[in-house]
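# Chains, contacts and geometry: an overview
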Number of protein chains: 2
Amino acid sequence: MNAADLIACARGEKPADLLLANARIVNVFSGEILSGNVGVKEGVILGTGDYRAQETVDLGGRFLAPGFIDAHVHIESSMASVPEFVRAVVPHGTTTVVTDPHEIANVMGMAGIRCLIDQAADVSANVYFSLPSCVPATHLETAGARLSAQDLSALAAHPRVVALGEMMNVPGVLSGDPDVLEKLDMMRRRRKVRDGHAPRLSGKALNAYLAAGITSDHECADFQEAREKLRSGMHIMIREATGAKNLAALLPLVTHDTARRLMWCTDDRHPHDLLDRGSVDDLVRKAVRAGLDPVIAIRMATLHAAEYFGLGHLGGIAPGRQADIVVFSDLADPVIEVVYHRGIKVAEGGRMVAEEKPLADQAPVNTVNLASACLDFTVPAAGDMLRVMEIVPDQLFTKQRRMRATVRGGAVVSVPEQDLLKIVVVERHRGTGNVGKGFVTGLGLRRGAVATSVAHDAHNIVAVGVNDDDMRVAVEKLAAMGGGLAVACDGAVTASLALPTAGLMSSQPVRRLRERLDRLTAAARALGAAAGDPFMVLSFLALPVIPELKITDRGLVDVAAFRLVPLFD
Amino acid sequence: MNAADLIACARGEKPADLLLANARIVNVFSGEILSGNVGVKEGVILGTGDYRAQETVDLGGRFLAPGFIDAHVHIESSMASVPEFVRAVVPHGTTTVVTDPHEIANVMGMAGIRCLIDQAADVSANVYFSLPSCVPATHLETAGARLSAQDLSALAAHPRVVALGEMMNVPGVLSGDPDVLEKLDMMRRRRKVRDGHAPRLSGKALNAYLAAGITSDHECADFQEAREKLRSGMHIMIREATGAKNLAALLPLVTHDTARRLMWCTDDRHPHDLLDRGSVDDLVRKAVRAGLDPVIAIRMATLHAAEYFGLGHLGGIAPGRQADIVVFSDLADPVIEVVYHRGIKVAEGGRMVAEEKPLADQAPVNTVNLASACLDFTVPAAGDMLRVMEIVPDQLFTKQRRMRATVRGGAVVSVPEQDLLKIVVVERHRGTGNVGKGFVTGLGLRRGAVATSVAHDAHNIVAVGVNDDDMRVAVEKLAAMGGGLAVACDGAVTASLALPTAGLMSSQPVRRLRERLDRLTAAARALGAAAGDPFMVLSFLALPVIPELKITDRGLVDVAAFRLVPLFD
């Protein structure tokens, strides 16, 4: 808008668009709650005062706070497009996210990052990006892309890019890998922060990691770890994801003295979680219920993240800042009732105000590229004993177990009676024909097969089944859909969900995705799948950075040794 | 330095340069004081830990804190060059300053700013700059330059430039002056802060000023004013200058909740003050003595300013940050004993460690450019009653008084018996020949004349005297020296100080400048000058933004009306 007009309105010489009257305002700068009226003009806050306005909303003493900021989130984990993700989180009061398109970048490279940036162009929230620092995540798998510092530099100055994304290549940092250091330095030179990812790092190794210029961490799991990192100058994002919940453990760290270095993030939230629990508001409520001063919880959800990322126009209710404002009634249990974005009421009562606008159709790029000959999942018998991945309920790590191979016609087969099932990872980016083959126990399937193209971090296709035919049917369904999730039995698909964007995301609303996921889980359960979400289990079996035994398109990985190992032991 | 080497040292694989052992470390991130050892390599902090080092210094439990940051200072007020100013403040623990070259810019324009940036290239402190936003300060005087947004843009991206300097053109902001708004927006686009200067601004006018994008203020004189500005989103710099002291009034604002938005600045400190009281350390000590938690006082002197200006490599003792560290023994009265800059001990016991290196001779540009015919100070009698500036002891404002003119030979003359003295402001930048003429009371001279080329903000030559001849002698001396200060009596110069850089600064050490200023004051006192510093009084008589009556090269200014007024009333 015209700055001179804004100034004239702030002086009271021209009427405001909107006056939020009779409010109790959470002042994140002073840490107070102050009664007042807030004027808004063309999406910008004029300040508190008795402004004449086109529209006055009497809040009857309800609370106003700045819109919440999610400091680190992978939108891909919602399986939704950026617009549909936004429609899921904005009613919860999250008006700003810093998203790391790490997953789509592993599939589509820079084109994937640009795809999400394009999707963020016209949504009712501020969507900022960090540049994925670790594509591919490891050298033990085939990802869809490899992003060097040189590649990333094309987007380093982009106004939506505010950070380098979580630097999980800790060995690369500690060994002084030149490309890793250049990624960090490139963002430092542009005065942009460098997010870290360093679970359990401590002492001199932590010092070395920080000396490289890392500025934050969101992987702290306990108080001592977080305290050491805070003392060492890191900003700490306290995370409450679907799969990793750290709030209870880290809350003792939060005091009036430390809070300024702390903020909230959701990291990965699946559709169920987003709809049932919410976004950053869920963390604020949990923290307040656990006894944290609500003003501190709200400061962490707003100003602290805005300052960390250098987003000076966000994070506070003050003159000249963007009018992203949430309304709630109970400071002890802040359930967001109304959300303003750029001065427009965009959500009320947990729903978006505006009617659904479907995502403008981008002709989806098919990212599933299978070699024609790769669907032979036969495992020729070459020994008696198998290395088997044992699933541990509710954990991302597996145990390594030895089990006896059952051989039919010269090939090792699944034995559902022993809960010993074949697993394959089919390379799906480059048509290499790579198929990693192994066995897993703990999934519980008695019939049929399940498959997914959401498989961190390389997102190849992972399939588990009782027989090769059903596995092939499920994988072929994924190929036909351009990626997604499928259940097959007796040669037919019994449930599926297409994720045509990179094999990771759909343009469906989060609510619809949740229904489809429920159907998929029910279909898998009907085949005997154990409790929990079998697709979520699958999606982490191919992540070779979490112990003990994992599988990629190149074969089994002993994570502790960080190398490929043979199936037969 | 080589980042990979730094990382290897932080891991402990290679020895550090320096270990500061057995210290109590002020941790500005957590707000704690922690015992430990700090490793340093090539000027960068490795972190705390038991590092092998080339040199180990046992601190015997003394305190370590990050080097102090002066958030807003005009180096010109010290009359010293940047290197000599640095040599004066570093022993006090100030290792970083953000300086606003407003004074030299009013004389020399962009060349003046570049001159100070060049001087800052090789000094034992971090000298950052804000770009002077208001050159000239008003339209009622003739300055040496006029800097538009277009002019400033040449330095906006300079790595030493971290802010737009104090925006004192409040009317320009409030009226939406396009060039003023462009200056603000230009720095916002570069993610650099915009310092304000808005004494007593409040309510909707303050809202409007902030809506334009101003981010800080250092002109708060009382608690209510500072609280309103803090609540409105401004960062507040608490100032303790030679001429304006706000610490005592603002200290009640400082709490664990608000301190993060607060920092310290000295603004203008004259040689006496720098040497006798110090720099930011003086504010820290005063605050602590007044009861402020020392850790908060030190956070305000370090991390808070570093964060505000986006100087992520400064402000804390943590891995990867620059090794600017101060040592002191008494937390209740922190007198700085040792100062490290980039890991090198640069000061100890109040003195620089290294021997004096004179400033590399820059051929000084003579900025005193008088029209040949301008030294006729005659005031033809054109009425009976004069508008007279009355000096109020220890204040920058004057009172307007009516006094009867004494006429000799058709001209109004000084009457020392009535303490009614002639004052002239001689335009000295462009040779216009402008001479503003008036009368002043309260200075006390009984004989001779005094003159200075330090005269805020246009820095024309101001002279006051009992007779025109001595005034002319003093002004001619200034012209011969390329600017400075002079006392004349009976046709001869009795004391002088050359300030050949822009007529504002010398290359002498601050200690020498102080001696010369003492001699000048004594010489003025010998002529009858009243208590206080007559040159400081003179230097504000030409500043037409402080009430009531002031004088510029264009004549008398009624400040309330903000217009020129005739001498005869």
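Preceding this paragraph is the structure being described.
Scope of this entry: the structure provided in the associated data block. (Residues numbered from 1 in each chain as written. Chains lettered and ligands numbered in written order. Predicted model: local features only at pLDDT ≥ 70, side-chain atom pairs only at ≥ 80, totals over all residues. Heavy atoms only, no water.)

Moving on, we come to the overall build of chain A. Counting secondary structure elements, chain A contains 17 helices and 30 strands. Here the C-alpha atoms of chain A give a radius of gyration of 25 Å, agreeing with the 25 Å that 2.2 N^0.38 yields for 569 residues. A principal-axis box enclosing the C-alpha atoms of chain A has dimensions of 90 × 50 × 45 Å. Counting only residues that meet the buried cut, chain A has 63% of its 569 residues in that class. Counting contacts in chain A only where the partners sit at least 6 residues apart, residues at least 24 apart contribute 69% of the total. Here chain A holds 60 positive side-chain charges and 66 negative ones, and the gap between their average locations is 2 Å. (Helix = DSSP H or I, 4+ residues; strand = E, 2+ residues; numbered from the N terminus. Rg over C-alpha atoms; globule rule 2.2 N^0.38 Å. Buried < 20%, exposed > 50% of the residue type's maximum accessible area, 1.4 Å probe, protein only. Contact = heavy atoms within 4.5 Å. Lys, Arg positive; Asp, Glu negative; His and termini not counted. Charge placed at Lys NZ, Arg CZ, Asp CG, Glu CD.)

With that settled, the discussion passes to the packing of helix α4 (residues 110-119) of chain A against helix α5 (residues 149-156) of chain A. All names here are of chain A. Where α4 meets α5, the closest approach of the two axes is 11 Å, and the angle between their N-to-C directions is 20 degrees. By the criterion of interaxial angle, the relationship of α4 to α5 is roughly parallel. You can see that α4 and α5 cross each other, and the crossing is right-handed. Counting all contacts with α4, which are made through Met110, Ile113, Arg114 and Ile117, the residues of α5 involved are Asp151, Leu152, Ala154 and Leu155. By residue class, the composition of the contact of α4 with α5 is six nonpolar, no polar and two charged. (Axes fitted to C-alpha atoms, helices over the stretch in contact; angles between N-to-C directions. Parallel < 35°, antiparallel > 145°, perpendicular 65-115°, else oblique. Left-handed = near helix turned anticlockwise from the far one by under 90°. Nonpolar A, V, L, I, M, F, W, Y, C, P; charged D, E, K, R; others polar.)

The next thing to look at is the interface of chain B and chain A. Between chain B and chain A, the residue contacts involve 51 residues of the former and 51 residues of the latter. Counting each side, the surface lost to burial between chain B and chain A is near 4400 Å², with a carbon and sulfur contribution of 50%. For the chain B face of the interface with chain A, the top three residues by lost area are Arg191(B), Arg231(B) and Arg260(B), together amounting to 18%. Those elements giving two or more residues to the side of chain B that touches chain A turn out to be α1 (3-11), β2 (32-41), β3 (44-48), α6 (170-174), α8 (203-211), α9 (223-231) and α14 (303-308) of chain B. Here the side of chain B that touches chain A takes six residues from α1(B), the largest share from any one element. Along the lines of polarity and charge, the residues of the side of chain B that touches chain A split into 22 nonpolar, 16 polar and 13 charged. (Buried area = accessible area lost by both parts, 1.4 Å probe.)

Our focus in this paragraph is the packing of aromatic side chains. Per the counting criterion, the structure on display carries four aromatic pairs over all chains. Note on Phe63(A) and Phe328(A): the rings are 5.5 Å apart at their centroids and 15 degrees apart in plane angle, and the pair reads as stacked. Taken together, the residues span a long stretch of sequence, with Phe63(A) in strand β5 (residues 63-66) and Phe328(A) in strand β14 (residues 325-328) at a distance of 265 residues. A single burial state applies to Phe63(A) and to Phe328(A), both of which are buried. Here Tyr308(B) and Phe309(B) contribute two aromatic rings whose centre-to-centre distance is 4.6 Å and whose plane-to-plane angle is 70 degrees, an arrangement assigned as edge-to-face. Looking at Tyr308(B), the relative accessible area reads 6%, which means it is buried. (Phe/Tyr/Trp six-rings, centres within 6.5 Å; stacked < 30°, edge-to-face > 60°.)

As a further point, take the relation of the copies chain B and chain A. Each copy of the sequence occupies a distinct position, and chain B is placed on chain A by a rotation of 180 degrees and an axial shift of 0.0 Å, giving an RMSD of 0.1 Å. In short, the pair behaves as if placed about a two-fold rotation axis. Scanning chain B for the C-alpha nearest the rotation axis identifies His256(B), at a separation of 3.2 Å. By residue overlap, the copies meet face to face through one surface: 100% of the interface positions of chain B are interface positions in chain A. (Least-squares fit on C-alpha atoms with pLDDT ≥ 70 in both.)

Tyr209(B) and Trp264(B) are the most contacted members of the largest nonpolar core, which totals 158 residues. When sequence neighbours within four positions are dropped, the list of residues in contact with Tyr209(B) reads Met167(B), Val170(B), Val173(B), Leu174(B), Gly196(B), His197(B), Ala198(B), Leu201(B), Ile214(B) and Met234(B). By size, the runner-up hydrophobic cluster in this structure holds 155 residues, among which are Phe129(A), Val288(A), Leu445(A) and Phe568(A). (Core = buried A, V, L, I, M, F, W, Y, C linked by side-chain atoms within 4.5 Å.)

For the rest of this paragraph, the subject is the sheet that holds strand β29 (residues 555-558) of chain A. In any sheet, the strands associate via hydrogen bonds between backbone groups, in a parallel or an antiparallel arrangement. All names here are of chain A. The three strands are arranged β28-β29-β30 in an open sheet whose pairing can be described as antiparallel. The open sheet terminates on both sides in strands that have one partner only, identified here as β28 (549-552) and β30 (563-565). Looking at each pair of strands side by side, their axes are set apart by 45 degrees on average, direction ignored. Strand direction decides the pairing type here: β29 and β30, joined by three bridges, are antiparallel. Following the sheet pairing, Val557 is matched in β30 by Leu564. (Pairing = 2+ DSSP bridges.)

Residues and elements named next belong to chain A. Pairing analysis gives four bridges linking strand β15 (residues 338-341) to strand β16 (residues 344-348), with the strands arranged antiparallel. Residue pairing in the sheet places Val339 in a bridge with Ala347 of β16. Between β15 and β16, which follow one another and run antiparallel, lie two residues, and Arg342 among them has a positive phi close to 50 degrees. Summarising the sheet, β16 and strand β17 (residues 351-352) pair through two bridges and their orientation is antiparallel. Paired with Ala347 across the two strands is Met352, which belongs to β17. Here β16 hands over to β17 after two residues, with Gly349 in that stretch at a positive phi of 60 degrees.

What follows concerns the sheet that holds strand β22 (residues 420-426) of chain B. Residues and elements named next belong to chain B. Spatially, the eight strands line up as an open sheet ordered β19-β18-β23-β22-β25-β24-β26-β27, and their pairing is mixed. A single partner strand is all that each edge strand has here, and the edge strands are β19 (398-404) and β27 (492-498). Within this sheet the neighbouring strands show an average axis-to-axis angle of 25 degrees, counted without direction. Two elements, strand β18 (residues 385-391) and strand β23 (residues 435-441), share three bridges in a ladder whose sense is parallel.

Before going further, it helps to spend a moment on the pairing of strand β14 (residues 325-328) of chain B. Residues and elements named next belong to chain B. Residues Ile325 and Val327 point to one face of β14 and Val326 and Phe328 to the other, with burial holding for every one of them. Both β14 and strand β15 (residues 338-341) contribute to a ladder of three bridges, which runs antiparallel. Across the sheet, residue Val326 finds its bridge partner in β15, namely Val339.

Residue and element names in this part refer to chain B. Structurally, the position occupied by Gly444 is in the loop between β23 and β24 (449-452). Overall, Gly444 belongs to the buried group, its relative accessible area being 15%. Note: C-alpha distance between Gly444 and Leu421 (23 residues apart in sequence) is 8.4 Å. When near neighbours in sequence (up to four residues on either side) are disregarded, Gly444 contacts Asp419, Leu421, Leu527, Gly528, Ala529 and Ala530.

Scanning the entire structure with this criterion turns up 63 salt bridges over all chains. Residue Lys286(B) is joined to Asp282(B) by a salt bridge in which the shortest nitrogen-to-oxygen separation is 3.7 Å. Here Asp282(B) and Lys286(B) lie together in helix α12 (residues 280-289), a separation of four residues that amounts to about one turn. One salt bridge connects Arg512(B) with Glu515(B), and the closest N-O pair in it is separated by 3.9 Å. Pair noted here: Arg512(B) and Glu515(B) are both in helix α16 (residues 510-526), with a separation of three residues, about one helical turn. Linked through salt bridges whose partners overlap, the residues forming this network are Glu240(A), Arg269(A), Asp273(A), Arg277(A), Asp282(A) and Lys286(A). (Salt bridge = Lys/Arg side-chain N within 4 Å of Asp/Glu carboxyl O.)

A few words on helix α7 (residues 178-189) of chain B. All names here are of chain B. Look at α7: 16 Å from first C-alpha to last across twelve residues, which is about the 16 Å you get at 1.5 Å a residue. Where α7 is concerned, the buried positions are Val180, Leu181, Lys183, Leu184, Met186 and Met187. Where α7 begins, one side-chain oxygen reaches toward the backbone nitrogen of Asp179, 2.8 Å away; that side chain belongs to Asp177. (Expected span 1.5 Å × (residues − 1). Polar contact = N/O pair within 3.5 Å; in protein donor to acceptor, adjacent residues only side chain to side chain.)

This part takes up helix α2 (residues 82-89) of chain B. Counting buried positions over the eight residues of α2(B) gives eight, a clear majority of the element. All of the buried residues in α2(B) are Val82(B), Pro83(B), Glu84(B), Phe85(B), Val86(B), Arg87(B), Ala88(B) and Val89(B).

This part covers unusual backbone geometry. Looking along the chain, the bond that leaves Pro547(A) and enters Glu548(A) is cis, with omega of -5 degrees. Inspection of the secondary structure puts Glu548(A) in the loop between α17 (534-541) and β28. Cis geometry marks the peptide bond from Val135(B) to Pro136(B), where omega comes out at 0 degrees. For Pro136(B), the position within the fold is in the loop between β8 (126-131) and α5 (149-156). Even without being glycine, His459(B) reaches a positive phi, approximately 55 degrees.

Residue and element names in this part refer to chain B. In this structure, Asp267 sits in the loop between β13 (262-265) and α11 (271-276). A distance of 2.8 Å separates the side chain of Asp267 from the side chain of Arg239, its partner in a polar contact. Those residues within four positions of Asp267 in sequence are excluded, and the remaining contacts are His72, Val73, His74, His218, Glu219, Arg239 and Ala241.

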